[in-house]
Amino acid sequence: LGDMAAAAGAAPPSEVEDVAGVRALAAGIADGIVPPALPACEAGAATGVRAVFDFDWSMVNENTDTFCFMELVDSQTYRETVERCRSISAAAGWTAAIDWAHGWLADTQGKSAADVLRALERTPMDASLIRCLEALCARGVEVSVVSDSNSLFIAQVLHAHGVRVPARMSSALAAASKIALMDPAKDPGAGCASVARVATNVAWVEGAAADGGLGVPRIRLSPHDPRPVGCPRCPANLCKGRALHAVLGTAAGAGAAAPASPAPSRVVYVGDGSNDLCPGMCLRECDVLLARKGYRLAEKLAADPASVRCSVRLWEDGSELAALLLECAVAPAA
């Protein structure tokens with residue numbers, strides 16, 4: 001396990017460092033504490049409504065970390081790989097486990113980065129949600145993603161579904177596709193649904209030459225936060241509460257990239273997992289938390305409704321989520 005953790009700790013090349021342009025560390029929130037609530041809106045200073053999504057099982061209807069393996073190996077091998085990842089994760093973290101798995105996929109199964117990226121194009125995303133994103137963008141609602149997936153997977157999946165990503169992510173995807181010896185997913189262009197900001201783990205393609213010319217190009221991953229931030233609510237690689245402040249620009253302090261921006265008049269946060277509770281606890285009374293029915297976030301909220309100040313609405317599928325998003329983006333929170 002030690003060798004695997006060390007391999008997964010490799011730093012990304014400088015040209016793909018923070019390809020999304022957002023690091024939670026830039027939020028200026030001190031390590032070892034839970035992130036604060038979003039600041040109250042100042043009269044005349046609010047920046048409008050902002051929508052923030054988790055990615056896996058929220059914006060898309062799959063876990064992108066494991067979906068690519070499901071698509072590329074037989075069912076028995078897939079189950080064994082996921083179990084091995086869970087074992088590695090207990091000692092080194094999930095990001096390290098997935099980094100190991102992509103090395104294993106290339107070295108023992110002969111599956112290249114190109115195979116992985118093509119498999120990701122099949123990640124399901126509800127058509128009604130894509131139309132909803134288009135409508136939100138047309139109404140001036142900025143959409144962001146805060147995710148424990150990674151920059152390369154998010155860019156590939158969204159491009160495949162005709163959704164634009166930040167320019168730095170699109171450029172990084174094109175560069176990664178070139179190393180992977182494949183044509184990049186086509187940039188959807190202007191006038192469509194778009195994601196403005198992304199906070200996630202960093203991923204890139206390592207060429208076969210990096211392994212002495214052996215093997216095939218493979219996916220590499222590095223944690224979003226290069227050092228543990230110590231939030232007691234979150235895994236070491238990513239505090240989603242800090243990341244929420246980062247994509248909204250609502251916290252400043254030591255290490256902050258810029259002064260704090262005015263708070264949005266409302267934030268609508270979409271999530272499903274346990275690690276979505278931390279950003280949910282940062283939301284205010286005027287904000288809305290859209291939690292997926294039957295998933296860990298909804299279960300935690302049912303067990304302790306007082307853990308959040310915001311309104312909570314439940315959704316089951318993409319069409320229901322799309323309807324709620326449009327409602328919450330134009331109507332006051334209940």
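Right, let's walk through the structure included here.

About the cut-offs
- Residues numbered from 1 in each chain as written.
- Predicted model: local features only at pLDDT ≥ 70, side-chain atom pairs only at ≥ 80, totals over all residues.
- Heavy atoms only, no water.
- Axes fitted to C-alpha atoms, helices over the stretch in contact; angles between N-to-C directions.
- Helix = DSSP H or I, 4+ residues; strand = E, 2+ residues; numbered from the N terminus.
- Parallel < 35°, antiparallel > 145°, perpendicular 65-115°, else oblique.
- Left-handed = near helix turned anticlockwise from the far one by under 90°.
- Contact = heavy atoms within 4.5 Å.
- Nonpolar A, V, L, I, M, F, W, Y, C, P; charged D, E, K, R; others polar.
- Buried < 20%, exposed > 50% of the residue type's maximum accessible area, 1.4 Å probe, protein only.
- Pairing = 2+ DSSP bridges.

**A closer look at the packing of helix H2 (residues 64–72) against helix H4 (residues 94–109)**
- Axis separation between H2 and H4 bottoms out at 11 Å; the angle between their running directions is 20°. Relative to H4, H2 is oriented roughly parallel. In this structure, the crossing between H2 and H4 has a hand that is left-handed. Between H2 and H4, the contacting residues are Asp65, Thr66, Cys68, Phe69 and Leu72 on the first element and Trp94, Ile98, Ala101, His102 and Leu105 on the second.
- Residues belonging to the contact of H2 with H4 are distributed by class as follows: seven nonpolar, two polar and one charged.

**As for the pairing of strand S3 (residues 197–206)**
- Of all 10 residues in S3, eight are buried; the element is thus mostly enclosed.
- Pairing geometry for strand S2 (residues 142–150) and S3, over four bridges, is parallel. Residue Asn150 lies in a different strand from S3, and its bridge partner there is Asn201.
- Note: S3 against strand S4 (residues 218–222), five bridges, orientation antiparallel. Paired with Val205 across the strands is Ile219, a residue of S4.

**A word on the packing of helix H5 (residues 113–120) against helix H7 (residues 151–160)**
- Between H5 and H7, the shortest axis-to-axis distance is 8 Å and the interhelical angle comes to 50°. Classified by the angle their axes make, H5 and H7 are oblique. Our pair here, H5 against H7, has a crossing hand that is right-handed. Facing H5, whose interface residues are Val116, Leu117, Arg118 and Leu120, H7 presents Leu152, Phe153, Gln156 and Val157.

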